[in-house]
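Structural characterization, general
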Amino acid sequence: MKFENRSGISFNLEHKNWLGQEKFIIAGPCSAESEEQVWETVKEFKKTSISAIRAGIWKPRTRPNSFEGFGEIALPWLVDASKKVGIPCMVEVATPSHVENALKAGVDMIWIGARTTVNPFAVQQIADSLRGINVPVFVKNPVNPDLALWMGALERIDHAGITQLAAIHRGFSSGKRLIYRNEPRWEIPIELKRLAPNIPMINDPSHICGRRDILLNIAQKALDLEFDGLMIETHINPSVAMSDAEQQITPDSLFELINQIKIRLTPQSVSCNEDLEKVRKKIDDLDHQLIHLLADRVKLSQEIGSIKAQNHLTIMQFDRWRSLVMDRLKTGNELGLDRDFLLQILQNIHQLSIQVQMEIFEANKDHVE
Ligand code: PEP
Ligand code: MN
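Because the structure is predicted, anything quoted here is derived from the model rather than measured.

Looking only at helices and strands, one finds 14 helices and 10 strands in the protein chain. Principal-axis analysis of the C-alpha atoms places the extent of the protein chain at approximately 80 × 45 × 45 Å. Here the analysis covers contacts within the protein chain between residues at least 6 apart in sequence; of these, 72% occur between residues at least 24 apart. Within the structure as shown, the protein chain displays about 20,100 Å² of accessible surface, and the carbon and sulfur contribution to it stands at 53%. Distance from the positive charge centre (43 side chains) to the negative charge centre (48 side chains) of the protein chain: 2 Å.

Right, dumping it as structure tokens:
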């Protein structure tokens, strides 16, 4: 069975949510730094239910003079620790030789990092190297907020025959001065989940926050948005970490964080179901009214377009647009609506109105000229 969205993106729907019902927690250091560091971190994971252990072996760093991982020699540090505690392990791969070396060493799962997802050539090479191998693959979002690029990478891996595929949301470079290292842009993973419902979605608060003090807030938001799990960088001694020191937490802090997360219920499991349904019914009605109103408004734009075309008027009249915006924002303000939200809606509606009027002008070309 294939899933198609409007841009023709297709996914195999065989995936199912292979991670299971429990939240899937991936923990482990940003980088494997020594046999001792990996073991001292990983041995703590026996105390609680960690689903998978992560560690960077080959680190894609922004600048060449940063620590780039120990490479192949670090693989047994991770694989041996993982076997000792009986928890599967995963590493980041960026090339077919990473895939080959990781799997040869006994790594159980792999992920594609944000800096690799942006490059379709690199992703395709990884996909080709995975053909005929059944290993779970996690695909992080690309560095830039481009949903199609993220979906494209997932599709390439999917088309290579991988049946256990998942996405990791690690936020996006924004160029803005934010409290986050990478802006969450929640609407992007939400849209991916809408288009590809069977691909589990993991949240990586560590790379979104870039600092440990706000991890809980992002982790809680992700689970409130029905994400399927978390990837949290965990280091036995974060202050001396060779990469991402500010965002890593100790295993004990990780357990504390997990305990602080409030687990929400699904509507099926609670008694407020009827109340919820009543309010939802009202929302459904309002949405339909909004759509009817929008359609009526488009008709009015067409009428206006005809009048302007016949009278040789410009489509855009800035004074009218300026006063319309001021007027609607004033009403919105009185009703307590967020200004930016309302402005964005007005801009979208206006853009459609201009487009509709342009079409009328085009149709009336012979009369107008
Ligand atoms: C990482 O997981 O350590 C990493 C490099 O992440 P990202 O690809 O999200 O930057
Ligand atoms: Mn990291």
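Having put the structure on the table, let's press on.
All residues in the neighbourhood of ligand 1 are listed as Cys30, Arg54, Lys59, Glu92, Trp111, Gly113, Ala114, Arg115, Lys140, Arg170, His207 and Glu233. Between Arg115 and ligand 1, the recorded distance is 2.8 Å, taken from a side-chain N or O atom to an oxygen atom. Contact distances for ligand 1 include 2.8 Å between an oxygen atom and a side-chain N or O atom of Lys140. Partitioned by chemical class, the residues of the shell around ligand 1 number three nonpolar, two polar and seven charged.

Time to look at helix H10 (residues 251-260). All of the buried residues in H10 are Pro251, Leu254, Phe255 and Leu257. End-on, the buried residues of H10 take up no more than an arc of 160°, which puts them together on one face. Contact partners of the buried residues in H10: strand S3 (24-28), helix H1 (35-42), helix H9 (215-224) and strand S10 (229-233).

A word on the domain arrangement of the protein chain. For the protein chain, the domain assignment lists domain 1 (2-264) and domain 2 (273-363). Computed from C-alpha atoms alone, the centre-to-centre distance between domain 1 and domain 2 is 41 Å.

Here the phi dihedral of Arg185 falls at roughly 45°; this positive angle occurs in a residue that is not glycine. Position of Arg185 among the secondary structure elements: in the loop between strand S8 (165-169) and helix H7 (187-195). The backbone phi angle of His312 is positive, close to 55°, even though this residue is not glycine. By the secondary structure assignment, His312 is in the loop between helix H11 (273-310) and helix H12 (318-334).

How each quantity is defined
Residues numbered from 1 in each chain as written. Chains lettered and ligands numbered in written order. Predicted model: local features only at pLDDT ≥ 70, side-chain atom pairs only at ≥ 80, totals over all residues. Heavy atoms only, no water. Helix = DSSP H or I, 4+ residues; strand = E, 2+ residues; numbered from the N terminus. Contact = heavy atoms within 4.5 Å. Areas by Shrake-Rupley, 256 points an atom, 1.4 Å probe, with all protein chains shown as cover. Lys, Arg positive; Asp, Glu negative; His and termini not counted. Charge placed at Lys NZ, Arg CZ, Asp CG, Glu CD. Near = heavy atom within 4 Å. Polar contact = N/O pair within 3.5 Å; in protein donor to acceptor, adjacent residues only side chain to side chain. Nonpolar A, V, L, I, M, F, W, Y, C, P; charged D, E, K, R; others polar. Buried < 20%, exposed > 50% of the residue type's maximum accessible area, 1.4 Å probe, protein only. Arc of directions from axis to C-beta. Domains from an automatic or database assignment.

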